[in-house]
Every structure is written in C-alpha cells, then in structure tokens.
Amino acid sequence: MREFWQRYRRNKGAVVGLAVLAFIVLIAAAAPLVYPASPWEMAGAPFQRPFGEFPLGTDMLGRNILSGIVHGARVSLMVGIVSTFFAVTLGLALGALAGYFGGVIDDALMRFTEFFQTIPSFVFAIVLVAIFRPSIASIVAAIAVVSWPPVARLVRGEFLSLRRREFVQAAVVVGETHLRIILGQILPNALSPVIVMASLMIASAILLESALSFLGLGDPNMMSWGYMIGASRSVIRQAWWMSTFPGVAILITVLALNLVGEGLSDAMNPRLARKGRA
Amino acid sequence: MTEPLLSVRDLTIDLPPGSDRPHAVENVSFDLHENEILCLVGESGSGKSLTAAAVMGLLPQPSVRPSGGELLFEGRDLLKLSEEEWRGLRGRRFGMIFQEPMTALNPVMRVSDQILEVLQAHGEAGGEDRVTELLQAVNLPDPERLRSAYPHHLSGGQRQRVMIAMALALRPTILIADEPTTALDVTTQAQILALIRQLQSERQMGVLFITHDFGVVAEIADRVAVMQHGRIVELGAKEQVLEAPTHDYTKRLIQAVPTLDPPERRPLDRALTVLSVKGLGKTYRTAGGLFRPRRVVTAAKNVTLSIRKGETLGLVGESGSGKTTVGRCVIRLIDSDAGRIDFHGVDLNAFRGRALRPYRKRVQMIFQDPYASLNPRHKVGDIIAAGPIAFGTAKPDAVKRAQELLSLVGLDPSVIDRYPHEFSGGQRQRIGIARALALQPELLIADEPVSALDVSVQAQVLDLLADIKRRLNLSMLFITHDLRVAAQVCDRVAVMYQGEIVEQGSTGELFRHPSHPYTRTLLDAIPGKHWRARRA
C-alpha cells in the first residue's frame, strides 16, 4: 500500500486531482452545516451579481448560487458514485462469466452487451428517465444501464487472457471450484484496469446527470449543477454567473476525477507509466 | 596473431540506481579476431546480452549506459560515436541476429522486401538478384517462391535463416548473434548452428555468439568467455575451457550440464500400473467463420503409454509434437476425443466437472513457467494451501502442512507470508512443486519443469524432484524437449513426433540403440553430444 502511494505520488497532476476531489467531497459532506437552509429557498433579491452580498450572486428567483453548488455537489457525487458502482458490478459479473466460460455463454452475453452498445448512450438514458419519470433513482439506474457495457468488455478481455495462465490451470488441477477460481484467482488480477475505468466512469456519470438535468429530466427535488445551468440558460446574456459557476464546478470535478484516474493507472501499471514518461 | 577486429577494453555498463547491483557489466575485456567464433556464456543476469548490445550501440539509454572502457574497432572508439556514425556501421560492418525469429520480422511485409530494404537503406545496387543470392546462401529451399512469402508462411527455423540473410546482406565483418537458436527445436538448432559455422568460415567473419547453453558452445565456439555477475571469469580456447576449466564457477556450470549417459536403473516390471493410457486422441478444431474455413489440427493420435508405481516416464519431442497436449489430457485440463485414461483401472475420460474432483487430489501437475504458474496476488502459503482447503482441510492445518512442504522443498518455512515476486525462478519452481505435493498425489505430471531455469538451478530442481519422488514413491510423467534432462530423470522414455509416439523403451536402451529414424535424428541433433561423450 505504501509502495502504491509512492508510485501514485510521482504523478503530480494526480496528487492535485486527489486534493481537489477531497475538497469537493468535504464540501458535499458539510453542505447542511455551511448552508443549513434549502438551496431552493429565496435568499435575497434576484439577479444579484457575484462578489456582492452573495459570493457567487443569486439567480432569477433570488436563490443563493453558492448554496446551490454546494448542495449540488452532493447530488453529482452521489449519482456518479452510485451509478458507477452498479455499472461496474453488472459489468464485472457479465464480463467475468463471459470471459471465464467462453463458448456459448460468451456468445450470448456478448450479443446482449452489443445490444446495449448499439443504442447511443445519451439518447438511451433520456428514454429510460422519461419512461420511468425523473427521480434520483431512475437517473442513477439509467446511467448505470448505459455505462456497464464497456466494463463488461474490458473484464471479459482480462478474463480471457488470465484464464489461460498457468496459475489458473494450477487452481483447476488442485480442485478449486469455478466460483473460487473466478473470485479468488482471476478477479484480483483483473481489477486494476477496472478501478481506473471506474474512476473515469464517475466523471462521465456526473456529466450525464448534468446533461439530463439540463434538459429538465433531473429529480425535481434535488438541486443539481446541470439543473442550475439548464434553468438559467435563457438569461445567460443578462446573468452569465448563473450558468458559469455550476459549469466551472462540473469542469473542476470531472477534471479532478480524470487526473485521479490517470494517477491510479500509473500507480497500478508501474512499468507502463515509466515508459510513457521516459 | 593478427590485429583483432574488435577490441573491448575494460567495458563497464551502469545499471539504473536501485538495481540489485551497480554495474551490469564490469571491466569486461576481450578481443574478437577475424575468422573466429567467440562464445559469451553465462546464466541469466550475467550481463552477456548487455555486452552484445553495447557492441552494437543498442543499449537502452539513458537508463542503462556505458560508464567506462572503450570498444576499439578499426582504430575508433565505438562508445564515442554519434547515432549518425553508428548507422553507417550497423548492417554494413556489424550484422546482428536476435533470439526471437517470430518477432524480429515485420509480419505484414514480404520477406524479400524486408531483405531488399536492408540493401536499399545502405544504397546498395542490384537488389532483386542479391536477395535471391542471399536466400540461397542461407540454404532456404526454393528461393524464387520464398520471395513472395510473408513471415507467417515460414517456420521458426526458416525465419531465423531470413534473419541471418538480412544480417549478412551487406557482408559485415562482424556478426553478433544473441541466443539465435534458443527459441528453436533441437533439430532446427543443429541446422542453424551448422549454417552459422559455414557462413562464418566462408566469409572469414568474426562472430560474437551469446548463449547460455554449453552444448551449443561445444558445437560452435573457437574461444569461450564465461561471464558471471557482469564479469568475465574465464576466457580461453574452447578445449581449454570445456575440458580443463580453472575457475570454480565454470567448473560448477559444466558440472551442472546433465550427461547423455543414462544412469543404471532398477527395473520396475513388477510394480503396480498406476496410469494406463490407451489410444488417446485429441484434435483441435478452430471454429470456422462466415469467410473462414475450419482448421483441423491433430495434436495427439492413438497415444498409448503406461506408468508403474515409482516410475518416471519421459515424454520427449519437439514443439508441436503433442507432448503437452497428452499431459493436459491426462490431468483433464482438456478433454480428449478418443481413447481411455485408466488411473488405477478407472477411466478418467468417463468423468467430467465435479465427478473428477476425487481424482484431482491424486494426480497433480508441475508447470513450466515458474513466473506464470503462481498467482502474483496470493501469498506463498495460500498458494500451497489452496488445494487442501479446496478439499475441506481446515485452514490452520493446511497452513501447517504448507510450512512442512516448504521445508521439504528446501525453502525456509518462514517465507509463507511472502508474495511470489520476491523469489527467484528456481525458488518459485520449488513453491510450484510444494503446491503439487500438498494434496499427496500418487502421480505427478511435470510439464517442462526445468526448461525456464538456468542450468545450475535446473540441476538443483531436478535433484529435488528425484529425491521427493524416491521418498514418496511417486509416479511421474515427465514432459520435456531436453534429451539431456530426460536421460538423467526418466526410467523409460517415449518419443513423440507429430502427435504420435514413435518409439518407447527404457532410457538406457533408447539412448544407446534408437530404432526409429526420428529418434536417431533427435539424438544426433543434441548440441555438444560428442563433447559429453568424451568427458564421460
């Protein structure tokens, strides 16, 4: 673990990304303490410019934009993490089965995966959310459903190659069960690229959620960054700050996640990383 | 003596900081003369390949760089050349052959075009005719037809011939060969060695030949330099080094090369038959696609063999002979299509999946690659205890047993909490053996258990196997391509060729009086066989 951190630390960008991410998580966790009032409530006069009474100004209904961003961080991170968790779990399960057993099982599972991949993911997510009514649960589910196929393909590839390794054959020979071999022998060796992919998936899930909210398909009870941009887009020429600050929040969060993902990738494949940097 | 072609003086090559030693190569000096083959011999990590790379200016700089000494060639110090000047020398004055003929050729370019490219890159005229001439010179059959062939049309030996043709295209004065026959089968190896020898004397070249195999040294060298830990410990004429080595390390290395004289063995005719394979067959079929025809490869055909209690049966053959397939069929890693595998009279082919489990315990396997056969994420103790735990032994008991096994295979029981990457190749193979023994099997299948190991380590692992086999009265199916190893280890030997067993008999009989022509070819091709015969 210590060695891992040593390698991670070598990538300066990744350390910055991790720090930023930690800060965002902290803000999200502390949101009710910083701004106990609901972000939907009117806090002052509408259309106040930033750096005045309110650090980032107010929107057209007089809601505090900074409060919205702080509370929105909770929604964004929650949606990103939960949907990625489900997507990775599903992708791992299907990819592992397909790669380990091969043959007909592999064919069936991969055709199933391709079925999901042929539908453009954003359009698919819109359809799902629209059918199941916009709510936080349907948004998380929709994002998970559109983002698991790449995980399944990645895991399947890893399993296909690890399956042939001698240590797996040795496990077969000493009589381990399929489940034990999948979970105990192969999975730990296949996990590093999945972890890297997951960190990047959180970023794209946050973007997807923002895009859905922008289109008005967000959870009506949850203040989210995408909703803030979407709601204020019509007044962007009079009040640039209303859409700009949530946009910057998305940008910073996604960038931090990408940096962390890259750092994880470097730390987990030390040989590749050194080659890339030489 | 004439002026040397190449003179290496006190060459020192640094390793990146944090490596296990500061210098890869330390104060290495030797001369390479016209019309001679100088062999650099050493085990892995001895610095022999880096020395060759330095001579070619191909060190992976800047992480590994020469820090001292000089390489004198025609009055110039090669270490001081610019990349530009190097390009003029490489190919034209220095030719190089690499170990892996599979990857050294561009797979999407025709063979003749690749040779032509070498000529054109150096502005040589007369391309097409020269290519044909070169293909003839390396004894490739039907050079005209070969001109349109792609690398995947050629066998490993043929590719290595193409590599040699490319290396010789510009008539270099020095040829550097880095383990050029290591990836080849013995019969092919013998041909390539003869070819290098022949071309060398025709062209009066100086050849720097890197190898780990003393048999090859005996076959090809004029002079020998033995390397250990980055230093040359002994340098001299072949006869002197091989017959009367002075340095301890050289003596040890030569001692470790197994002899071709099988020791006397007590016959086991009375012992119980443990395994009896009858008419085993296995055919691989690649699934045909819409535009692809099916491909059918017969890996094993009508294989019949038996092993008695306490007996070691050697299954020898070249790559693609089907010996590994037979081993994996017997242990049921793959399903065979035909025949019976009787283990104590019960046909294992009748079982599948869960029903096989009781037999898994009694037949175990030792794998070839000690780096791939241990899960890098598991601790040594868990690896050894996995089998007993899978069969319901309580964890503390299994761990205790793992400790006992570790001391049985000559490792300290305290290493139980370490990960595989902390061990050397030989130690890992010991762990692999301990894992196989954990279930107290009656039959061991050893698939090339020592072919990935250095010769001195190989000897230790073979001793360990012999010792354990005797103590536990195990039966063993020993799969190997190395006839020297087979001669030392096996009671009986079966020779496989293109999926069939062509000859089977007691080791002594088979080595002294081979009856099948293929067995004779195989025995004839063993590098350095006359040297060992003289020594014994």
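Presented here is a report on the structure given in the accompanying data block. (Residues numbered from 1 in each chain as written. Chains lettered and ligands numbered in written order. Predicted model: local features only at pLDDT ≥ 70, side-chain atom pairs only at ≥ 80, totals over all residues. Heavy atoms only, no water.)

Regarding the environment of B:Asp222
Residues and elements named next belong to chain B.
Turning to step 1, where the next piece is worked out: As for its placement among the helices and strands, Asp 222 is situated in the loop between helix 8 (214-220) and strand 9 (223-228).
Turning to step 2, where the next piece is worked out: Owing to a relative accessible area of 26%, Asp 222 belongs among the partly exposed residues under this scheme.
Turning to step 3, where the next piece is worked out: Taking the C-alpha atoms as reference, Asp 222 lies 48 Å from Ser 276; in sequence the two are 54 residues apart.
Turning to step 4, where the next piece is worked out: Setting aside its immediate chain neighbours within four residues, Asp 222 contacts Asn 35, Glu 36, Ile 37, Arg 197, Ala 237 and Lys 238.
Turning to step 5, where the next piece is worked out: Within the local environment of Asp 222, its side chain forms a polar contact with the backbone nitrogen of Ile 37, the two atoms lying 2.7 Å apart. (Helix = DSSP H or I, 4+ residues; strand = E, 2+ residues; numbered from the N terminus. Buried < 20%, exposed > 50% of the residue type's maximum accessible area, 1.4 Å probe, protein only. Contact = heavy atoms within 4.5 Å. Polar contact = N/O pair within 3.5 Å; in protein donor to acceptor, adjacent residues only side chain to side chain.)

Comments concerning the sheet that holds strand 4 (residues 65-73) of chain B
Residue and element names in this part refer to chain B.
Turning to step 1, where the next piece is worked out: Read from one edge of the open sheet, 4 strands run 2-1-4-5, paired in antiparallel fashion. Each edge of the open sheet carries a strand with a single partner, namely strand 2 (23-32) and strand 5 (76-77).
Turning to step 2, where the next piece is worked out: Helix-sheet contacts for helix 1 (residues 48-55) involve strand 1 (6-14), strand 2 and strand 4, and the interaxial angle to strand 1 is about 120°. (Pairing = 2+ DSSP bridges. Axes fitted to C-alpha atoms, helices over the stretch in contact; angles between N-to-C directions.)

Considering the packing of aromatic side chains
Residue and element names in this part refer to chain A.
Turning to step 1, where the next piece is worked out: Under the counting rule described, the total for this entry stands at 16 aromatic pairs over all chains.
Turning to step 2, where the next piece is worked out: Centroid distance Trp 40 to Tyr 227: 5.2 Å. Interplanar angle 50°. Geometry classified as tilted. One end of the pair, Trp 40, is in the loop between helix 2 (12-34) and helix 3 (65-101); the other, Tyr 227, is in helix 9 (residues 225-232), and 187 residues separate them in sequence.
Turning to step 3, where the next piece is worked out: Look at Tyr 227 and you get partly exposed, because its relative accessible area is 27%.
Turning to step 4, where the next piece is worked out: Considering the side-chain rings of Tyr 100 and Phe 101, the 4.9 Å spacing of their centres and the 85° angle between planes classify their relative orientation as edge-to-face.
Turning to step 5, where the next piece is worked out: When its relative accessible area of 38% is taken as the criterion, Phe 101 is described as partly exposed.
Turning to step 6, where the next piece is worked out: Here a set of aromatic residues connected by ring pairs shows up, and it is made of Phe 112, Phe 115, Phe 116, Phe 124 and Trp 148.
Turning to step 7, where the next piece is worked out: The ring of Tyr 100 carries Arg 163 above its face, with NZ or CZ at 4.3 Å from the centroid.
Turning to step 8, where the next piece is worked out: Sitting above the plane of the Phe 214 ring, Arg 233 keeps its charged end 5.3 Å from the centroid. (Phe/Tyr/Trp six-rings, centres within 6.5 Å; stacked < 30°, edge-to-face > 60°. Lys NZ or Arg CZ within 6 Å of the ring centre and 35° of its normal.)

Section: the environment of B:Ser475
Residue and element names in this part refer to chain B.
Turning to step 1, where the next piece is worked out: As for its position among the elements, Ser 475 is in strand 18 (residues 475-480).
Turning to step 2, where the next piece is worked out: For Ser 475, a relative accessible area of 0% puts it in the buried group.
Turning to step 3, where the next piece is worked out: Between the C-alpha atoms of Ser 475 and Thr 273, which are 202 residues apart in sequence, the distance is 9.6 Å.
Turning to step 4, where the next piece is worked out: Residue contacts for Ser 475: discarding those within four places in its chain leaves Val 274, Ile 307, Arg 308, Lys 309, Gly 310, Glu 311, Glu 442, Leu 443 and Leu 444.
Turning to step 5, where the next piece is worked out: Engagement of the side chain of Ser 475 in a polar contact is seen with the backbone oxygen of Arg 308, the distance being 3.0 Å.

Considerations on the interface of chain A and chain B
Turning to step 1, where the next piece is worked out: The interface of chain A with chain B comprises 15 residues on the first partner and 25 residues on the second.
Turning to step 2, where the next piece is worked out: In total, about 1,700 Å² of surface goes out of reach between chain A and chain B, with carbon and sulfur atoms giving 56% of it.
Turning to step 3, where the next piece is worked out: Counting across the interface, chain A meets chain B through 10 residue pairs in polar contact (both at pLDDT 80 or more).
Turning to step 4, where the next piece is worked out: Considered class by class, the residues forming the side of chain A that touches chain B number 6 nonpolar, 6 polar and 3 charged. (Buried area = accessible area lost by both parts, 1.4 Å probe. Nonpolar A, V, L, I, M, F, W, Y, C, P; charged D, E, K, R; others polar.)

Re the side chain of B:Asp14
All names here are of chain B.
Turning to step 1, where the next piece is worked out: Note that Asp 14 resides in strand 1.
Turning to step 2, where the next piece is worked out: No salt bridge is formed by the buried Asp 14. Its closest oppositely charged neighbour is Arg 65, at 4.3 Å.
Turning to step 3, where the next piece is worked out: Reaching out from Asp 14, the side chain makes a polar contact with the side chain of His 23 at a distance of 2.8 Å.
Turning to step 4, where the next piece is worked out: Engagement of the side chain of Asp 14 in a polar contact is seen with the side chain of Ser 67, the distance being 3.0 Å.
Turning to step 5, where the next piece is worked out: Apart from the residues within four sequence positions on either side, Asp 14 is in contact with Pro 22, His 23, Ala 24, Ser 63, Val 64, Arg 65 and Ser 67. (Lys, Arg positive; Asp, Glu negative; His and termini not counted. Salt bridge = Lys/Arg side-chain N within 4 Å of Asp/Glu carboxyl O.)

Taken by themselves, the reported measurements are silent on function.
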